[in-house]
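Residue-level listing of the chains:
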Amino acid sequence: MTDIAEPKAWRRLPLIALLYVARGLRGFGDGFAIIILPAYMTALGFDAVAVGLVATASLLGTALLTLLVGWFAPRHDLRALLIFGAGLMAATGLAFPNVQQFVLIALVAFIGTVNPSGGDLGVLVPLEHAVLAQNATDAGRTQVFARYSLIGALCTAAGSLAASLPDFLVAGGSTELGAFRLMFYGYAALGICSAMLYRRVPHMRGEEKAPHAPLGPSRGTVYKLAALFSVDAFAGGFVAQSLLVLWLFQRFDLSLSAAGLFFFWSSTLSAFSYPVAAWIAKRVGLVNTMVFTHIPSSVFLILATFSPNLYVALALLLLRSALSQMDVPTRTSYVMAVVTPAERPAAASVTAVPRSLASAISPAISGVLLTTAFSGLPLVVCGTLKIAYDLALLYSFRHIKPPEESP
């Protein structure tokens, strides 16, 4: 429940804009952290299996922490939880440069906030979704989430370019490990800036009185969506961005600067796909937009596996990026639309947690598959499973309409 004593007319836009800025700061940090992390571990002497295990630890920790937040959010101050998440981001950036043993790196990844998937997972995401949903109308909700995703993706793209900074620092006389450590300290600084922004969020919580259970009348719908989303996330974990970086390093000997440039364009294409997704959703519906943009992106991913050279592979991966994230704002809007307002924080968490848990399993498997003779196998598995998910989602939810699509 928001602070209704203050006028909503002037409170709504500043609050949404503030969350957009915070999302941008976090996106910038994620943009370089997910590229720096596998490069940092490689510099320390770890192989693809170790990188996959660290990615699994990170996603598993994210899932458990998001679950805890889902229990607290409906009846506790969302601002305090947002500040806590930003503080955890700062602590993550401070811890990574000071550990070199595999167990400690995995522990920091488990507790911390670095997201190796490069997607919309993380302890702060369902909290921000809940606040945005409370301050958006049914008619404008998809546009609000599309802008949120757009800003996050554009800033992630800019952060990808920043991943080339270690090359310049090394050329200037710094050691490679020293350059990587400076990047992690920059990540910590962004967490501190985010915490300062969250301090300006008004006190609010998901509902005035806590219900007996976090989910009520929409429980069945949310659980079904969560199960399907977990299949999609499990598939995506096979090509978590940190592992895709590693595949490009190994298969085509891509440099760190070139990887940063590629992921800049990849994230930029994904960013501009968000408002396009909102435009399409108004015409064909949220579920149709999710499905019929996702299937072609999976086909491009599978084709990239069999590319004869780097340029064909990058072109196919860029085509995939232009389509693969169109389901992000539409999926979020759909979940927020088919539950009651009081259930929104719990629904955001319940749909996010299985996704995190499922995506935490596959990176470790993918790390092993990357060491086989056919290193592109994780890409094929990912694309095939995602197509199966899209068809199941269309079959199960094509008749369940959000309010703006109802007659």
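Every chain begins its residue count from 1, and numbering advances along the sequence as written. Only residues with pLDDT of at least 70 are given local features in this predicted model, and only at 80 or more are side-chain atom pairs given and counted; all residues enter the totals for whole chains, interfaces and linings. No hydrogens and no water enter the side-chain calculation; it runs on all heavy atoms of the structure.

*Asks:* Residues and numbers for the overall build of the protein, please.
*Replies:* Only DSSP runs of H or I reaching four residues or more are called helices, and only runs of E reaching two or more are called strands; each is numbered from the N terminus. When you go through the protein residue by residue, the secondary structure sums to 16 helices and zero strands. In what follows, residue pairs with any heavy atoms lying within 4.5 Å of each other are defined as contacts. Of the contacts made within the protein by residues no fewer than 6 positions apart, 87% connect residues no fewer than 24 positions apart. Residue burial considers only the protein chains on display, and all accessible areas are found by Shrake-Rupley using a 1.4 Å probe. Carbon and sulfur atoms make up 70% of the accessible area of the protein, which amounts to about 15,800 Å² in all.

*Asks:* Which residues make up unusual backbone geometry, and what values do they have?
*Replies:* Non-glycine residue aspartate 253 carries a positive phi angle of around 55°. Position of aspartate 253 among the secondary structure elements: in the loop between α10 (241-252) and α11 (256-284).

*Asks:* How would you sum up the confidence of the model for the protein? Please name residues and give values.
*Replies:* A residue's pLDDT is the confidence the predictor assigns to it, expressed on a 0 to 100 scale. For the protein, per-residue confidence averages 83 on the pLDDT scale, and 90% of positions sit at 70 or higher. Every residue in residues 1-13 scores below 50 in pLDDT, and together they form 16 contacts with partners more than four places removed in sequence or on other chains. Confidence drops under a pLDDT of 50 for residues 208-213, and excluding neighbours within four residues, the segment shows three contacts in the predicted structure.

*Asks:* Could you give an account of the pattern of salt bridges, with specific residues and numbers?
*Replies:* Salt bridge criterion: a side-chain nitrogen from Lys or Arg within 4 Å of a carboxyl oxygen from Asp or Glu. Scanning the entire structure with this criterion turns up four salt bridges. Each of the salt bridges in this network shares a partner with another, and the network as a whole consists of Asp232, Asp327, Arg331 and Lys386.

*Asks:* I'd like a description of the nonpolar core, backed by residues and values.
*Replies:* In this description, a nonpolar core means a group of buried Ala, Val, Leu, Ile, Met, Phe, Trp, Tyr and Cys residues linked to one another through side-chain atoms lying within 4.5 Å. Remark: exposure states derive from per-residue accessible area (1.4 Å probe, protein chains only) relative to the maximum for the residue type, with buried under 20%, exposed over 50%, and partly exposed in between. Counting 56 residues, the largest nonpolar core has Phe32, Ile36, Phe96, Trp247, Leu248 and Leu317 as the members making the most contacts within it. Per-element tally for this core: the top contributor is helix α1 (residues 8-43), with nine residues. The residues contacting leucine 317, other than those within four sequence positions of it, are Leu244, Trp247, Leu248, Phe262, Leu301 and Ala304. Of all hydrophobic cores here, the second largest spans 48 residues; its members include Tyr20, Leu228, Phe229 and Ala348.

*Asks:* How would you sum up the packing of helix α3 (residues 78-95) against helix α8 (residues 176-198)? Please name residues and give values.
*Replies:* Interhelical geometry of α3 versus α8 gives an angle of 165° and a closest axis separation of 7 Å. With respect to their mutual orientation, α3 and α8 come out roughly antiparallel. Viewed along their axes, α3 and α8 form a crossing whose handedness is left-handed. Residue-level contacts link Arg79, Leu82, Ile83, Ala86, Met89, Ala90, Thr92, Gly93 and Leu94 of α3 to Phe184, Tyr185, Tyr187, Ala188, Leu190, Gly191, Ile192, Ser194, Ala195 and Tyr198 of α8. Considered class by class, the residues forming the contact of α3 with α8 number 14 nonpolar, four polar and one charged. Only the stretch in contact is used when fitting a helix axis, every axis being a line fitted to C-alpha atoms; angles between N-to-C directions are given from 0 to 180 degrees. Every angle not falling under 35 degrees, over 145, or within 65 to 115 is termed oblique; those three ranges are roughly parallel, roughly antiparallel and roughly perpendicular. Crossing handedness is defined as follows: a turn of the near helix away from the far one that is anticlockwise and smaller than a right angle gives a left-handed crossing, while the clockwise case is right-handed. All amino acids are sorted into three groups, where Ala, Val, Leu, Ile, Met, Phe, Trp, Tyr, Cys and Pro are nonpolar, Asp, Glu, Lys and Arg are charged, and the leftover types, Gly among them, are polar.

*Asks:* Any chance you could break down the packing of α11 against helix α12 (residues 286-305) for me, citing the residues and the numbers?
*Replies:* Interhelical geometry of α11 versus α12 gives an angle of 125° and a closest axis separation of 7 Å. The orientation of α11 relative to α12 falls into the category oblique. Helix-helix and strand crossings are classified by hand; for α11 and α12 the assignment is right-handed. Two secondary-structure elements touch here, α11 through Ala277, Ile280, Ala281 and Val284 and α12 through Leu286, Asn288 and Thr289.

*Asks:* Give a detailed account of the packing of aromatic side chains, specifying residues and quantitative values.
*Replies:* Between the rings of Phe, Tyr and Trp (Trp by its six-membered ring), a pair exists once the centres lie within 6.5 Å; its type follows the angle of the planes, with under 30 degrees stacked, over 60 edge-to-face, and the other angles tilted. Scanning the entire structure with this criterion turns up eleven aromatic pairs. Both rings, one in tryptophan 247 and one in phenylalanine 252, keep their centres 5.7 Å apart while their planes meet at 85°; by these two values the pair is edge-to-face. Each member of the pair, tryptophan 247 as well as phenylalanine 252, carries the same accessibility label: buried. Consider the rings of phenylalanine 262 and phenylalanine 263, whose centres lie 4.9 Å apart with planes at 70°: the pair is edge-to-face. Summarising the burial analysis for this pair, phenylalanine 262 and phenylalanine 263 share the class buried. Aromatic rings pair up to connect Tyr40, Phe96, Phe180 and Phe184 into one cluster. A ring is scored as having a charge over it whenever the NZ atom of a lysine or the CZ atom of an arginine sits within 6 Å of its centre and within 35 degrees of its normal. Here the basic side chain of arginine 23 rests over the ring of tyrosine 148, its NZ or CZ set 5.7 Å away from the ring centre. Above the face of the phenylalanine 229 ring, arginine 331 is positioned so that its terminal group lies 5.6 Å from the ring centre.

*Asks:* Outline helix α13 (residues 310-324), supporting the account with residue identities and numerical values.
*Replies:* Taking 1.5 Å of rise per residue, 15 residues should cover 21 Å, and α13 covers 20 Å from first to last C-alpha, within 8% of that figure. Buried within α13 we find Leu310, Ala313, Leu314, Leu316, Leu317, Arg320, Ser321 and Ser324. In an axial view of α13, the angular spread of the buried residues amounts to 165°, which keeps them on one side of the axis. In the core, the buried residues of α13 are packed alongside α10, α11, α12 and α14 (327-337). Two to three positions downstream of the cap, the backbone nitrogen of tyrosine 311 sits 3.1 Å from a side-chain oxygen, assigning the N-cap of α13 to asparagine 309. A helix is expected to span 1.5 Å multiplied by its residue count minus one. This arc corresponds to the set of directions leading from the helix axis out to the C-beta atoms. In the analysis that follows, any N or O atom pair within 3.5 Å is treated as a polar contact, provided that within protein one partner can donate a hydrogen and the other can accept it, and provided that, for residues neighboring in sequence, both atoms belong to side chains.

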